[in-house]
Amino acid sequence: MMTARELVRRCVDIEEHYKTLYVMGCFGAPMTAANKKRYTKNHEYNKATARTKMINAAAEDTFGFDCVNLIKGVLWGWVGDLSAQYGGAKYGSNGVPDVSADGMIRLCKSVTDDFREIVPGAAVWMPGHIGLYIGEGLTVECTPKWANRVQITAVGNIGKKAGYNTRTWKKWGLLPYVSYEEVETVTYEQWKEFMDRYRKELGEKDAPAWAQNTGEWDAAREEGISDGRRPQDLVTRAECAAMVLRGRN
């Protein structure tokens, strides 16, 4: 089962690092000629002249999503694979059914209209539309409104935020396919700043610079600095702290 933290990370990563377009009924398919032909005929919404023109104009490295299919696509295993029909997602996999936005909120647990206790990784919903709360009053959603793509917006139920469009939702709930035992507490701005710096500094290296030495990595794991994952995975906060401390020496 995917953790709430991982679901948030993957959805935000799509917003930050991939070209996307709102395409009804699409769960991450790249906009190849074949997929454009398919999706401009699959739904009345996409058949509208303006939408068809927009889809056909998209570059082939653009991935199509709609609101609920952003969440389902990631839970179905989407990895941004341009060579795969659905970007690496496998329809109906991992115990996640193909449901609408309204159907998904009905399956959620602890559904409420009180946004004071909302947690990262929770689904936020209004009739016919759904998004994913990422923390600090922000949601990642795919919508034809504003940017017409996957985008970060402010949750009006909590308050407006400078630099973000605002949407007020009706309810939120916990997705039954997600583990909320470990909830991400780092803010979106902090995560983005760290990841931008991390990618810039390390580029295409196979492992963090401080962990290139196998003995050093093993020692870090024994000392509790590392959680034992492969070096090329994202670092934990403890590992980040270790890098900072070593950088001062």
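All values derive from a computational prediction rather than experimental measurement. (Residues numbered from 1 in each chain as written. Predicted model: local features only at pLDDT ≥ 70, side-chain atom pairs only at ≥ 80, totals over all residues. Heavy atoms only, no water.)

Focus: unusual backbone geometry
Phase 1: Phi at Glu136 is positive, roughly 55 degrees, even though this residue is not glycine.
Phase 2: Looking at the element boundaries, Glu136 is found in the loop between β7 (129–135) and β8 (138–143).
Phase 3: If you check the backbone angles, Asn148 has positive phi at about 60 degrees while not being a glycine.
Phase 4: Along the chain, the position of Asn148 falls in the loop between β8 and β9 (149–155).
Phase 5: Asn148 sits in the buried class, given a relative accessible area of 13%. (Helix = DSSP H or I, 4+ residues; strand = E, 2+ residues; numbered from the N terminus. Buried < 20%, exposed > 50% of the residue type's maximum accessible area, 1.4 Å probe, protein only.)

With respect to helix α5 (residues 67–75)
Phase 1: Taking burial as the measure, the nine residues of α5 include nine buried ones, the bulk of the element.
Phase 2: Three or more residues of α5 are buried, namely Cys67, Val68, Asn69, Leu70, Ile71, Lys72, Gly73, Val74 and Leu75.
Phase 3: Among the residues of α5, the N-terminal cap falls to Asp66, whose side-chain oxygen and the backbone nitrogen of Val68 are separated by 3.5 Å.
Phase 4: Immediately beyond the C-terminal end of α5, within one or two residues, lies Gly77, with a positive phi of roughly 105 degrees. (Polar contact = N/O pair within 3.5 Å; in protein donor to acceptor, adjacent residues only side chain to side chain.)

Notes on the environment of Gly156
Phase 1: Assignment of secondary structure puts Gly156 in the loop between β9 and β10 (166–167).
Phase 2: With 18 residues separating them along the chain, Gly156 and Leu138 place their C-alpha atoms 9.1 Å apart.
Phase 3: Contacts of Gly156, omitting those with residues within four sequence positions, involve Thr166, Arg167 and Thr168. (Contact = heavy atoms within 4.5 Å.)

Things to note about the environment of Thr20
Phase 1: Within the fold, Thr20 resides in strand β2 (residues 19–22).
Phase 2: Residues Thr20 and Phe63, spaced 43 residues apart in sequence, show a C-alpha to C-alpha distance of 4.7 Å.
Phase 3: At a separation of 3.1 Å, a polar atom in the side chain of Thr20 contacts the main-chain amide nitrogen of Val150.

Topic: the sheet that holds β2
Phase 1: The three strands are arranged β2-β4-β3 in an open sheet whose pairing can be described as mixed. Each end of this open sheet is capped by a strand with a single partner; those strands are β2 and β3 (27–30). Pairwise comparison of adjacent strand axes, ignoring direction, gives a mean angle of 35 degrees for this sheet.
Phase 2: As defined by bridge partners, β2 adjoins strand β4 (residues 62–65) across four bridges and the pair is classed as parallel. (Pairing = 2+ DSSP bridges. Axes fitted to C-alpha atoms, helices over the stretch in contact; angles between N-to-C directions.)

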